[in-house]
Amino acid sequence: MAKIKHLSQVTENVRMKRLTVLLYQRGSNIYLKLHYNGRNLAFSTGISCSPRQLDTKTFTVLNDESATAYLQALKSDFQRAFTDFLLTKRTPDLRELKRVVIDKSSIEPNKPTVIECLDKFYKDEFEALSGIDFERKTVEKKHYLVERIKQYILTSRQNPYLKLSDLKPIDAQQIVAFCKKTFGHGHNHAVLHAEFLKRTLNYAIANEWLEKNPFAFFRPKRERKAVVALKEKDIHLLQQTQFFSQEYNYVRDVFLFCCYTGLAYVDVSKLNSAHLLTLENGDHLIKIKRGKNGNNCIIPVVPQALQILEKYANHEDCLRRNRLLPVYANQVMNRILKEIQAANRISVRLTTHVARKTCASYYIANGVPLTSVATMLGHKKTSTTEQYYTERTEEAVIRHIQEFRERKENEGIVRKAM
């Protein structure tokens, strides 16, 4: 009996010297729970996912390798630190273990961590202004940026409680590299993540949580991509094509209208009579604020665009909705445009945004000044128009040189006559 009692005491001592690390979820947030010697300590991991994604037994987040690696590493780090406490004959304390593994004790209580600051910036500057200053889609895109920056912090820095002051200038370049390698982003899209974090740090400075921005001198160059736009012959082809389906004719007309006005889908979909002005000389002008950023667009209505407006002046659906054009949902527009492209054997992949880029290339190729085209598109900087919206075609170069030669020849004739 004494032997059995002795064994039970040994078993009890072993049990008391065991640290249990558990995962659990509240809503979408994942928490870690430490249990030792009858005491518990729980805290957030800074990771969120849907309940179906989390496997609490294996510390795995489905379809998220970086989060899985971080959770499993966290579990191993706590077990390693606990063993180190026992080997050095220190009494394991859960709060001390947490301090050793995560180093949260160095965080100042009134200052948020990088992840907390990201969440605050997103909620205050974007989510709270959804439908007011920003379209819902724009806010969703910002949310994706935040989530990917969080993954960088959890994967590369391996600390959900990383302090704002711990960020270094090199982190900007490392975020860009991380997004390229992990998500397969192109250079320009990867740069958006570092620029968003730079804005977040400016927000932290404004709230006196940070003294200076470590990304202050981060000014990356963007890669110039080939502008996808239609040529004039493609525009004329679309004008001459008539479809049996009325829906296809609607989509074709809206697309052509955007080619002549440069309106984005979100703007043409809400275009109404209040946006259309008639000048003293009888010309028409569209004045509208862009849904994306609120910039003013001033767009002279050329005869081709005016003809399309007149075509739908008495359209039943337009009158009922107080709209100038019958615009379908963006997904429907893009689906039908794809079929229109195939029917007309156009090499350019047609989308609603291609019309906006076609507008810029079309007018600049025909001699309209870059500043005027930028005003039509609602760009504050002409560099934006030139870099992302203008296709430099050889036809335009040849035409401009021909016009130059004709002017010089006419000047020579005038001189001889004098």
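Computed from a predicted model, the values in this text were never measured in an experiment. (Residues numbered from 1 in each chain as written. Predicted model: local features only at pLDDT ≥ 70, side-chain atom pairs only at ≥ 80, totals over all residues. Heavy atoms only, no water.)

Some details on the overall build of the chain
Phase 1: Scanning the chain for helices and strands turns up 17 helices and eight strands.
Phase 2: Within the chain, the fraction of its 418 residues that count as buried is 40%.
Phase 3: In the chain, the proportion of contacts linking residues at least 24 apart, taken out of those at least 6 apart, comes to 57%.
Phase 4: Counting every atom, the chain has about 24800 Å² of accessible surface; 51% of that belongs to carbon and sulfur. (Helix = DSSP H or I, 4+ residues; strand = E, 2+ residues; numbered from the N terminus. Buried < 20%, exposed > 50% of the residue type's maximum accessible area, 1.4 Å probe, protein only. Contact = heavy atoms within 4.5 Å. Areas by Shrake-Rupley, 256 points an atom, 1.4 Å probe, with all protein chains shown as cover.)

Focus: the sheet that holds strand β6 (residues 276-278)
Phase 1: Strands sit in the order β6-β7-β8 across an open sheet of three strands; the sheet is antiparallel. Strands at the two margins of the open sheet, each flanked by one partner only, are β6 and β8 (296-300). When strand polarity is set aside, the average angle formed by the axes of neighbouring strands in this sheet is 25°.
Phase 2: Two strands pair when backbone bridges link them, and strand β7 (residues 284-289) and β8 are joined in this way by five bridges, in the antiparallel orientation. The residue of β8 that forms the bridge with I288 is C297. (Pairing = 2+ DSSP bridges. Axes fitted to C-alpha atoms, helices over the stretch in contact; angles between N-to-C directions.)

Side note on unusual backbone geometry
Phase 1: One non-glycine residue, F59, lies in the positive phi region at around 55°.
Phase 2: Here F59 is to be found in the loop between β4 (54-55) and β5 (60-61).
Phase 3: Of note in the backbone geometry, N322 takes a positive phi value of approximately 55° without being a glycine.
Phase 4: With respect to the helices, strands and loops of the structure, N322 is situated in the loop between α12 (316-321) and α13 (330-344).

Digging into the sheet that holds strand β1 (residues 20-26)
Phase 1: Read from one edge to the other, the open sheet built from three strands follows the order β1-β2-β3, with strand pairing classed as antiparallel. Both edges of this open sheet fall to β1 and β3 (39-48), since each of them pairs with a single strand only. Ignoring which end each strand starts from, the neighbouring axes of this sheet average 25° apart.
Phase 2: Taken together, the seven bridges between β1 and strand β2 (residues 29-36) define a ladder with antiparallel strand orientation. Within the sheet, the bridge partner assigned to R26 lies in β2 and is N29.
Phase 3: Docked against the sheet, helix α2 (residues 65-87) engages β1, β2 and β3, running at close to 155° with respect to β3.

Some details on the side chain of S269
Phase 1: By the secondary structure assignment, S269 is in the loop between α10 (265-268) and β6.
Phase 2: Not counting residues up to four positions away in its chain, the partners in contact with S269 are R321, R323 and V327.

A short note on the pattern of salt bridges
Phase 1: A complete count under the given rule lists 11 salt bridges for this structure.
Phase 2: E147 serves as the salt-bridge partner of K150, at 3.6 Å between the closest nitrogen and oxygen. In this pair, K150 and E147 both sit in helix α5 (residues 136-157), three residues apart, roughly one turn of the helix.
Phase 3: Residue K150 is classed as buried on the basis of its relative accessible area of 9%.
Phase 4: Since its relative accessible area comes to 24%, E147 is described here as partly exposed.
Phase 5: In this structure, R321 and D317 form a salt bridge, with 3.6 Å as the shortest nitrogen-oxygen distance. Of this pair, R321 and D317 both sit in helix α12, four residues apart, which is roughly one turn of that helix.
Phase 6: The structure contains a network of salt bridges with shared partners spanning D119, E147 and K150. (Salt bridge = Lys/Arg side-chain N within 4 Å of Asp/Glu carboxyl O.)

With respect to the nonpolar core
Phase 1: L19, L32, L71 and F78 are the most contacted members of the largest nonpolar core, which has 60 residues in total.
Phase 2: Ignoring sequence-local partners within four residues, the contact set of L32 consists of V21, L22, L23, L41, A42, F43, T45, F59, L74 and F78.
Phase 3: Among the nonpolar cores identified, the runner-up in size contains 47 residues, and F257, L325, V354 and A360 belong to it. (Core = buried A, V, L, I, M, F, W, Y, C linked by side-chain atoms within 4.5 Å.)

Things to note about the packing of aromatic side chains
Phase 1: Counted according to the given criterion, the structure contains 16 aromatic pairs.
Phase 2: Between Y36 and F82, the aromatic rings sit 5.1 Å apart at their centres with planes inclined by 70°, giving edge-to-face as the arrangement. Placement of the pair is Y36 in strand β2 and F82 in helix α2, with a sequence separation of 46 residues.
Phase 3: F82 sits in the buried class, given a relative accessible area of 3%. (Phe/Tyr/Trp six-rings, centres within 6.5 Å; stacked < 30°, edge-to-face > 60°.)

Description of α2
Phase 1: The end-to-end C-alpha distance of α2, which contains 23 residues, comes to 33 Å, matching closely the 33 Å that a straight helix rising 1.5 Å per residue would cover.
Phase 2: For α2, the set of buried residues is S66, A67, T68, Y70, L71, L74, F78, A81, F82 and F85.
Phase 3: The backbone nitrogen of A67 lies 3.2 Å from a side-chain oxygen of the residue at the head of α2, namely D64. (Expected span 1.5 Å × (residues − 1). Polar contact = N/O pair within 3.5 Å; in protein donor to acceptor, adjacent residues only side chain to side chain.)

Observations concerning the confidence of the model for the chain
Phase 1: Mean pLDDT over the chain: 85, with 89% of residues reaching 70 or higher.
Phase 2: Low pLDDT, under 50, characterises residues 1-15; the stretch is placed with zero contacts to residues that sit more than four places away or in other chains. (pLDDT = per-residue confidence, 0-100.)

Some remarks on the packing of α5 against helix α7 (residues 187-206)
Phase 1: As a packed pair, α5 and α7 sit with axes 10 Å apart at the nearest point and diverge in direction by 85°. Considered as vectors, α5 and α7 are oriented roughly perpendicular to each other. Along its contact with α5, which presents K142, L145, V146, R148 and I149, the element α7 presents H189, L192, H193, F196, L197 and R199.
Phase 2: Looking at the contact of α5 with α7, its residues break down into six nonpolar, two polar and three charged. (Parallel < 35°, antiparallel > 145°, perpendicular 65-115°, else oblique. Nonpolar A, V, L, I, M, F, W, Y, C, P; charged D, E, K, R; others polar.)

Quick word on the pairing of β2
Phase 1: The hairpin formed by β1 and β2 contains two residues between the paired strands, and G27 there has a positive phi angle of roughly 70°.
Phase 2: Pairing of β2 with β3, which is carried by seven bridges, proceeds in the antiparallel orientation. Residue pairing in the sheet places L32 in a bridge with F43 of β3.
Phase 3: Turn length for the β2-β3 hairpin, with the two strands adjacent in sequence and antiparallel, is two residues, and the turn residue N37 shows positive phi of about 55°.

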